[in-house]
Every structure is written in C-alpha cells, then in structure tokens.
Amino acid sequence: MQDNVTSALLDPSHSSVSTQDKSSTGGHTSSTGPQPSKLSSITPVPAKSRNPNSGANFHRMRRIIAEDPEWSLTIVPLLTELCIQHIIKNFQRNPILKQLLPEHQQKVLNHLSPDLPLAVTANLIDDENYWLRCCMQRWPVCHVAEHGGSWKRMFFERHLENLLKHFIPGTTDPAVILDLLPLCRNYVRRVHVDQFLPPVRLLAQPQTGDQSDSGSEGEMEEPALDHYQLGDLVAGLSHLEELDLVYGVKDCGMNFEWNLFLFTYHDCHSLAATIKACHTLKIFKLTQSKVNDEKARIIIRSLLDHPVLEELDLSHNLIGDRGARGAAKLLNHSRLRVLNLANNQVHGPGAQSLAHALAHNTNLVSLNLRLNCIKDEGGQALAHALQTNKCLTTLHLGGNELSEPTATLLSQVLAINTTLTSINLSCNHIGLDGGKQLLEGMSDNKTLLEFDLRLSDVAQESEYLIGQALYANREAARQRALNPSHFMSTITASGPENSG
Amino acid sequence: MNPPGSLEGLEPNVDEHLSTQVLEPSVNSDNPQERIQARRLRIAARLEARRREALGEHLDGKKESEEDQSKSYKQKEESRLKLAKLLLCGTELVTNIQVAIDIREIHRRVEEDLKRQRIEKLEDEVKTSQDKFVKITSKWEEGKQKRIPQELWEMLNTQQLHCAGLLEDKNKLISELQQELKTKDDQYVKDLKKQSDDICLLLERMEEQVKNVMKTFREELYHIEKAFEMERQELLASNRKKWERALQAHNAKELEYLINRMKKVEDYEKQLNKQRIWDCEEYNTIKIKLEQDVQILEQHLQQRKAVYQLNQEKLEYNLQVLKKRDEESTVIKSQQKRKINRLQDTLNNLRSKYAKQIKQLQEENQSLTLEYKRLMTQFKELQKAVRHFALIDDEKFREIWLMNEEEAKDLIARAFDVDRIIHTHHLGLPWTAPDFWFLKNVGPISQQPQKSTTQIVEEMLLRTEEEEAEEAASESESYLDLPKQISEKTAKRILMLLCDESVRRGRAAAEGLTGVFCCRGLCRASALGIESEDDLYKLVSFFLQYRAHHLSSSLQSKPCSQASVEEASVEETSMESELELAERTEMEGEKEASLVEGEKGEEEETPPSPWVIHPNDVLKILKAFVKGLRKPRDSQAPLRVQKSVRSNSKDSEYWRALTTVIPPSRLNLWDALYTALEKYHLVLTQRAKLLLENSSLEQQNTELQALLQQYLTSKVGIRAFQGGVAGGGGGDRGQELAVGNKESPPHQRRCDVKNQQWHLETITGQRSRSCLKSPPG
C-alpha cells in the first residue's frame, strides 16, 4: 500500500528528475539529440506554438500569422535571427548567453525551453521570466511572494523541497540531492519540508504492519527509522535563513502507523548539529514532530548563543516544563525575537521560568503559549515579568486555564506597560470580575491595539467597552502613522510657546 | 478580535512610525544636541497632550467642522471605518472557528483526566489481579502438598473458580476498554468529520469574507469616487460662479479705469505743453549762458595749454638734468662701491695684520715676561750677592778697623815711646803712661751682640723680597708652623696698621710722619714689649691666627665698645714710650724723610690684599696678644737702637781721640823741643858741614895738593873741585817731606771710613725703597 503511496508521491518529481538528468532511466525521452527532443517537446503542446520556427512547415507558419508578433514579410530571415535560433537549438550543448548583446540575450531567453537541464541553466540564467516559465510549467499554483518575489529562488526552493519530501533513506540515492547542491546553493534561502519519509525497509518487515497498534514498540526499531540527515545539505547552502521542518508523513490515509511520525533521537542529534553549524539561520521551525522535553533541550542547547537566530517555532509538540525552561535559558543567550510554543504541554513551572527570563529580556518581541496549561501561577509570573519588560509586543496566552488573579495582575500591567500591542486571552476562565478589572486596566492604556477575550466568560459589556478602548487606541495609532509630520510640527510649534 | 487584514497592513506602518519617532531624536543618543532635541520634543509632547486633554472636546469639534468642509474626506473616513469594521468582524468570524476549536480542544483535554482515571483504574486492577494471581500461585504450592484426592479436587475447583474470576475480571476490563475504544473511535470519526466540517466552514467563511470584502471595497471605492466626483462638480460650479462674478467686477473696474485714464491723459497733455514752453525758454537762456561759459573756458584752456607747454619744457629740462645727475650718481656710486671694496680689502688686510700683530705682541709679551722673570732671578741673585758683599764689607770693615786700630795703636805706642824717650832722655823728666778709655777698645764700636728690632725689620724687608715668590708656594702650608715664610709681608702690613692706629688716635698727628711705619712699628712693638725677633714673629702668627679664626665669624660686631676698653689698656703700656717716641722721631725724622715720602705714595697704592686686617681689629688682637704674652719688659731697647747711628760720631771722636793721645801741651813741648833740637841740629849740622868742609877741604887740599902737584905738573885740577859742592844741598829737603807724609794716613783713613758708612746707608735705603715698590701680589 505504501509503495503505491510513495510512487504516487514520487510521480510529479519523476519527470523533473528525468528532465534534469538525461542519463537516468527516463520514461519517454530519447537521448538521440537536441532536435528530436525539441520536436517531442513541441508536439505534446501544439496549441502553444511559442516557437514559430522558420524551419518548421510553411502552413503552420501561415496559419498563425495573425498571432505572431514577430512575423515579418522578409522571406529570408536575418543572420542574427538564424544565429539566435541556432543558439537556442544547441543551448544545452553549447550555452552561449553572456557573450551576446542584451537584446539578443533577451530573445534567446524568451525562446529557451524550461525543460533544459538545471546543470546548464542554474548558474547561467538570472532572468526572472525564464524561471517564471519554469515555475508555471511545473506547479499550477505559485506564490512567489512567499519566496521573496524571486521566481528563480522559488523554483529552486520548491524543487529542493520536492526532492526532500520524496527522499526515502536507504532507497533514494543521496547524490540526487547533493548533485543539486552546487546549482542551488546561492539561491535557496528557505527550506520548507512538511514531510520526511521513513526508510522503505519497513515494508519488508510485515510484522510492523501487525504491530501497528503498539506505537510504544517503535522505539525498539528507532535506529532503522531515521530520516534524511540534513547536515550535508544545510552546510552547503550558504544563504539559508529559514528552516521549516515537519517530521511526519502526509496523506498516509489508511496506511497510518505511529512509526511514520517518529522524530528519532538520531534525527534530533543530527538536526541539532546541523542548525548549530548553520550561522545564517534566522528562522527555525520544527512543528508537529512529537518533540518531547529531551529532544527540545537537545535542539535548544545547540541553539544557545546562535549569532543570528531570530525566530523559534516549536509549536504542536510535546514540550513540557523542562523544555520550557530550556527555552527560557535560550531567551537570554540568543537574539531571539519570536518564540512560539503553542499547543505544547507547558505547565506553571515552565511558564514561571519563561517569565523569569522575560523579566530582563530586551530581544523578545512575540511570545506564543497558546493551548498550554500554565494556569494562574504561570500567568501571574508572566504578568509580573511584563511589569519590568520593555520589549514584548505580542503575547498569546489563549487556552491556558487562566482565571481572575492573572487578570488582576494583567490589568496592573496594562496600566504600566507601553510596549504591548497585542494580547490574546481567549478560551480562559477570566470571569466577570476579571473582565471588569481588565477594563479598568485598559482605561489607562494607550498603546494596546488588540485584546482578544473571546470565550473567556467576560461580561459582554466589559468586552464591548474594551473593544471601544482598543478602537480609540487604534485610531490614535493610525493618526500617528498617517501624519507624523503634523504631529511633530504641532509639538515643535507649541514647544516655544510653552517654554516661553 | 484577531488581527484584521486591513489593520495588519496598517500596523507595521504604525510601528514603523512609532519606532522612527522614538528613534530619530533618541534620548540615549551619543550626540548631546540630539539628546537635547529629544528631551525638548518629549516635554513638548507632554505639554501638548495635557493641553489636548483640557481642550479635547473643543478640538474634536473643530476637527469635525473641518471635516465637514470636505465631503470626500468624510466619505473616505466613513468607508474606512466601515471597511475596518467589516474586516474586524470578518476576521473575528473566521477566527471564531479557531477559537471554538481551541476551546473544544481544551474541553477534550479536560476529558483527558478521564484517561488518567482510567489508567489509575487499570493500575488498581492490575494490582488486585496481581494479588489474586499471587494468591492463586501460592495455593498451587499448597496443592502440591495435598495427598488426599478430595482435597486436591476441592482445591483445584477453588483454583479454577479463582482463575475464572480473574479471567472474568480481565475480560470485563477488556470489553470495557474495547467499548471505550469504540466510543473513542466513533468520537474520533466524529471529530474528524467535525474538523472537516469546520475546515469547510472556515473555507466558506473565508471565501465569503473575501467576497464580502471585495464587494464592500468596490462599493466603498465607488462611493468614494462618487463623493469625489460630486465634490469636484460642486467645486467646479462654485468656482465658475466665482469666476464669472470676478470677471464682471473686473470688466466694470476696467471700464472705470479706462475713463479715468483718458481724463488723466488729457490733463497730462496740457501739462506737457505748458512744460514744453517753459522748458524751451529755460533751454535758451541756459544755452546762452553755457556758450559764454564755453568761451571763457576755452580761453582758460588756451592759457592752461601755454602753461602746460612751459611746464613741459621745464620738466623736460629738469628731466635731462636729473638724468645727468642720475648718471653721475651712478658713476659715483660705482666709484664708491669700488672704494668700499678697496677699503674692505684694506680692512681685511689690516685685520689680518692686526691679528698677526696681536700674535706677535703676545709672543713678545711672552718673551718679555720670560725676560722679566729671568731678570728678576738675576736681580735676586744680585741682591743676594749684594747682601753677601755687605757682610763681606762688614767683615772687611771690621778687619780694616782692627788693622787701622792696630796701626794707630802701634803709632800711639810709638808716640808714647817717643814721648817717654823724649821725657826720659831728652828732658830728663819721669814719664807716666796716659790711661785713655779708647786705648782699651778693640774692634768697631757699633758692633752689638743682640739684634735690634730695626735690624730685624730691615732683614725682614730684605727677606720679603726674596721670598715673595716662595710665598705663593708655601701658602698651602700651615702658617702656625711656618710663620716666618708666610708672614714676612704680612708682618709688614701689621706694623703699618699699628702705625695707622697711632695716627688715628691723634697722637702722632703732630709728627706728620704717618707713613714711617718702620719706626712706628718699632715703637709700637716696643710699646707692646716686643723686643726680640721671636716676639715679633709670634705677634705676626698671632695676628694670622686671630684673623683666620675671626674671618668667618662676626668680626666687627662690637668694635666701638671694645675700642675704648682696649685703648685704655694699651695706653697704659704705651704711655711711657709715647713720650720718648716723640723725641726719637724728631731725631730720625730728617734721616728717613726721603724714605718716608716714597713709601707714603706706595702705601696708598697698595691694594687691599687678602691679608688685610681691619684697623679696628688690630687693637683687639694686640690686646689679646699682650695678655697672652704676660711678660712685662723693660724698655731699654731705644738706647741701643741709636748706637749704630751714634757710632759714626763716636768713631770720628774715637779716631779724633786717638789723634789727641798726645796732648797739645806736650806737642807744644815737642815743638819747642823740636825747634831747640833743630837749632841744635842746625848747629850740629853746621858743625858737621864745617867738619865735612873741613875734611873735604882737607881732602881737597890733599887732592889739590895732589892736583897741584899734578897741576903743578899740569893745569886741570882746579875745575873738578867746583862741581862737588852743588850736590850736597838737595838731599836735606827730601827728608823733611817724608816726615810730613808719615803723619797724614790716619786722618785720611778716618775720612775713608766715614765715606764707606755713608755709602752703606744709601744702599740700604735704596733697597728698602725697592722693596716697598714691589707689590706683595
């Protein structure tokens, strides 16, 4: 069953691999020469006919005269045209681009096939249009904004992502990825992989299928379940900034096994070494991967004193108080700005250690503890920390079983703190009195823009009034944003008056 | 209330703005100006905020009134608010699902407590079943011991029962768990369904939201555009109206202006005409006047031209003259230059010559100094020789004296013998030898066994000259041990000081011989009881000691008070000698006057030597010295001092006395005797002559007889007889002269001695003078 899945998963990448590597056992392409290959590439898409070749049959050319913007009455094409055609034809064997004039370069680039092997194009072509065509050809939905607006980067990132997604340790040749490395090392900034396939050897053991219920027994076979080791790849990518990993399998359907979602210690250690070695990494995300305290601490230890790391996302894991304590230590030993521990198992002590670290931190901007269980002891500790903290702007404490005492302290914080702009206390048990106290605190606050109190047993009236206050704050902020010059001028104009 | 989409877009701006506002003039900046600016801004912001609070409502009202002015702004605000609300509501709607799921999750987690309960239950179960199992297994042991089949059977039965119970329990539990699993599975499926529903709902809502938002955005955009259009229309209409009104007003005004202008033009024309006539008249008068002026000026010009030409000629002449002069001056200059050069050459020559001469003179000077040194040595040697000769002279003098004396005494003895012979033989009187003092005297009278201070001083003076050179060398030696070598000169000065002291007292002022330091010194010395050579030296050494002792300390702290005391004490000792001194000086005064004069001048010239002792101190020193000496001495010295001088007179007396050994009466006697004897002698000689004549006549007679006999034989004999008579008369006179000569030598010798003495004195005087001449330095 899984074979089908994997083969199905591999299908889209198969063609790309074949186009990339001619020598590999490609399906329908024949390596006779460039001419037939081009013909074959044209014939499947006759409707497009973007390459109105002068060497093509006359009738076709006639037929599409109306749509051809480059049509001309000159029967004999120019020598430059012919040369360009030739260059395009033989680009794979003899790539000539940089030596041409800009206009000719443009012409060549417009006519190059997106199926050319990456080894030829990767480091030669910088033209976004070409890569746009490549992307559009491979993926129906392209969100170039997620890749820094660069089509080339997008192409390589998604290509690499595809390869990693369908890499089966032990079965797939590691060279497949490592060969790509010299081509994509300068363009890949972000690696986003939402599945890591386990080794295929699992299939050969029918017993695993029988013992599919006992997830606990998976530990016995842990060494066999290691996933792809990112070390070599990450070390090769010189501009890598973001690493977004999910150790799990997507679309497993009825083939579900606990073993498929196993983030082993070996994986953890190798990942820790990888990110420790990567000094350009700014964002690290490891979500939905069953990271427990031990693994979290291994990873966090490797991140201590990391030079540039700004965002750490360990949401949807199994991190408890010890992991939270590790994260708290990390806060004051790095330049972390965003910490996301949503949907973990952090309890009061963990939150207290986080609060202790937060009290004197000057880097952290956003803290997300959604769906944890810090309760009032943790909430109060955090509120105390916020009285001294001057940096945090966003705090998410939704679904943490907080109640009135935390609300009391938070209202005091609201009156004092001028940096917080967003607080989320949804899905707690704040209660009516707590809501009133928060309303009191809000009345003294001029900076808070968002305050989420949904489903937290707060009276409608106070919620509404808080909303009013937030609205006023937002308006004030908008005014300040819109005409800072006016604001400044009034100050400067009134300055002398007041002083005089 | 999760972040709405539109606000998400806005927020970064807000943040940015806030951050920039905070960052731009930061209070923590390094630049002080910036800090000041930041603080000012902060203060201003606070004041502004306070003011706004106070006038909040008023301001808002103002703002609203402002907003009323522009419809589009109002519309914009409205639509913005509407859209913000829409977005907020939409996002809330969408995020509500998440929140709902969250709370469901929380509820589920709360249910997980059931899991814990279940686990506990299971554990309890395990424990109880374990216990049961242990019981059963323990019973097996019992069963092994049973021998009776019934009992065994019974036990087995019970065991079976127990096992069945245990199994039942387990099965029950399993069935329970399976039930639970089933429910959980159901729940899971339900949850899945629910979640898929939720996701569907979410998607739906999102789509709806997107649609809504797009729609409302479009609507609002349309509204805004419409509002803008309206506003534009209104503005156009109002502007056109305004424009028309303004145009009309403008036209009216222009007409008015035109009329005014025409009127004014007419006025101006009239005025112009008037002005023209008036100007013409004026122009004519002025023209005439100016022409006259021109003529006058032309005349002036002619004159000026003449003057100018004259001047030009003069100036040209002057220029020529000056050029000539210039040439001359250049010639002179060149000459002067050449002269200067020549003079420079000569100057250089002269300089070189001068240098050469300096060199030469230096060499000469050196050679002369060498010569001088050599001469000095020679001079010293000469002095030595002189002294040596003086000694020798003295010796000789003594010898001569002795010799003469002996001679004189021989003569006297002879005279006495003669006298005695005369007395005894001729007169027949008894002769007594006369006893004179000088007959016993042997050697020169002036010779004295002890040296007087005068001699010491003389000696000293001599020696100072000798040892001037040595002094420098011996200075380093301690003066206490060798007072003589050092202090010969010093002693002189001390003595001079003594003299000065006497002058100051006014005692010796009458004498006018201030500089006669020798005798003064002597007097003083004698007055102080200094008679011997040793004493003088002692005094000198004492002086030096004293001075050395007191030089550093305060010497003159109280000279006045002591002076009086000293005076008294010194006067006592010196009073007697003072009187004598006056007499003596008068006697010697004339002798030494010559010396004094020279010395006076020299004294004044002597510069203050390092050995100078202040006159005020002298008394002190002397007093101390006298005290230290403690030997009152009688003042006999003055008598002896004059012996050497008196000896001369005594000598002459002596020698004269020697001449008068034979008293004149006796001489008279001798003369009378002599005359008598002479007469007697004369008689005798006449008798002798006569005898001789007689004999000669006899002889002649005989001869004549012989001759007569001969002559008688021949005539020659008569002539020879006449020549013999003439030679006999001359021999008598020569004897008389010899006697006169014998008496003269003693007298002559005396004169010689006198001459010698005087000669000696002159020499010594000269020496002392030369000694004074040469300065101690």
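A quick note: this is a predicted structure, and the numbers were derived from the prediction, not measured.

Here the focus is the environment of Glu377(A). Residues and elements named next belong to chain A. Within the fold, Glu-377 resides in helix H17 (residues 375-388). For Glu-377, a relative accessible area of 42% translates into the label partly exposed. Considering only alpha carbons, one finds Glu-377 and Pro-405, 28 residues apart in sequence, at a separation of 9.0 Å. Non-local contacts of Glu-377, meaning those with residues more than four positions away in its chain, are made with Gly-348 and Gln-352.

It is worth spelling out the pattern of salt bridges at this point. Applying the stated rule across the entire model yields 25 salt bridges over all chains. Its salt-bridge partner being Glu475(A), residue Arg80(B) comes within 3.0 Å of it at the nearest N-O pair. Residue Arg80(B) is located in helix H3 (residues 71-145), and its partner Glu475(A) is located in helix H20 (residues 460-482); the two belong to separate chains. For Arg80(B), a relative accessible area of 18% translates into the label buried. Here Glu229(B) ties to Arg232(B) by a salt bridge, and the two come within 3.2 Å at their closest N and O atoms. With Glu229(B) and Arg232(B) both in helix H4 (residues 149-427) and three residues apart, this pair spans about one turn of that helix. Taken together, the shared-partner salt bridges in this structure form one network comprising Glu161(A), Lys165(A), Asp194(A) and Lys250(A).

What follows covers the sheet that holds strand S3 (residues 283-286) of chain A. Residues and elements named next belong to chain A. As summarised here, the arrangement of the nine strands in space is S1-S2-S3-S4-S5-S6-S7-S8-S9, forming an open sheet in which the pairing is parallel. Edge strands, defined here as strands with exactly one partner in the open sheet, are strand S1 (190-193) and strand S9 (450-452). Shown here is a sheet whose adjacent strand axes are inclined to one another by a mean of 5°, direction ignored. Pairing between strand S2 (residues 242-245) and S3: four bridges, direction parallel. When the bridges of S3 are listed, Asp-244 appears paired with Lys-285.

Okay, the side chain of His147(A) next. Looking at where His147(A) falls in the secondary structure, it is placed in the loop between helix H7 (128-138) and helix H8 (151-165). If we ignore the near neighbours within four places in the chain, the residues touching His147(A) are Arg153(A), Met154(A), Glu157(A) and Arg158(A).

Before going further, it helps to spend a moment on the confidence of the model for chain A. In the predicted model, chain A carries a mean pLDDT of 79, and the fraction of residues at 70 or more is 77%. Across residues 1-57 of chain A, where pLDDT falls below 50, the model places 43 contacts with residues more than four positions away in sequence or in other chains.

All names here are of chain B. Per-residue confidence for chain B averages 72 on the pLDDT scale, and 60% of its residues sit at or above 70. Low pLDDT, under 50, characterises residues 447-451; the predicted model gives this stretch seven contacts beyond four residues in sequence or across chains. If you check the scores for this complex, the pTM reads 0.50 and the ipTM reads 0.72.

This part is about the nonpolar core. Proteins that are soluble and globular tend to have nonpolar side chains buried together. Phe284(A) and Phe451(A) are the most contacted members of the largest nonpolar core, which has 113 residues in total. Among the elements that make up this core, the one with the highest residue count is H8(A) (seven residues). If you look at the next biggest cluster of nonpolar residues, it comprises 17 residues, including Trp431(B), Tyr654(B), Ala657(B) and Trp670(B).

Examined against the element boundaries, Ala100(B) turns out to sit in helix H3. Owing to a relative accessible area of 25%, Ala100(B) belongs among the partly exposed residues under this scheme.

A separate point is the pairing of S2(A). Judged by which residues are buried, S2(A) turns out to be covered on both faces: Glu242(A) and Asp244(A) on one side and Leu243(A) and Leu245(A) on the other are all buried. In terms of handedness, the path from S2(A) via helix H13 (residues 265-277) of chain A over to S3(A) forms a crossover that is right-handed.

In this section: the packing of helix H19 (residues 431-443) of chain A against H20(A). All names here are of chain A. At their nearest, the axes of H19 and H20 sit 9 Å apart, and the two run at 20° to each other. Between H19 and H20, the angle falls in the class roughly parallel. Considering only the axes of H19 and H20, their crossing is left-handed. Seen from H19, the contacting residues are Gly-435, Leu-438, Leu-439 and Met-442; seen from H20, they are Ser-462, Leu-465, Ile-466, Ala-469, Leu-470 and Asn-473.

Criteria and cut-off values
- Residues numbered from 1 in each chain as written.
- Chains lettered and ligands numbered in written order.
- Predicted model: local features only at pLDDT ≥ 70, side-chain atom pairs only at ≥ 80, totals over all residues.
- Heavy atoms only, no water.
- Helix = DSSP H or I, 4+ residues; strand = E, 2+ residues; numbered from the N terminus.
- Buried < 20%, exposed > 50% of the residue type's maximum accessible area, 1.4 Å probe, protein only.
- Contact = heavy atoms within 4.5 Å.
- Salt bridge = Lys/Arg side-chain N within 4 Å of Asp/Glu carboxyl O.
- Pairing = 2+ DSSP bridges.
- Axes fitted to C-alpha atoms, helices over the stretch in contact; angles between N-to-C directions.
- pLDDT = per-residue confidence, 0-100.
- Core = buried A, V, L, I, M, F, W, Y, C linked by side-chain atoms within 4.5 Å.
- Right-handed = clockwise from strand over helix to strand, strands pointing away.
- Parallel < 35°, antiparallel > 145°, perpendicular 65-115°, else oblique.
- Left-handed = near helix turned anticlockwise from the far one by under 90°.

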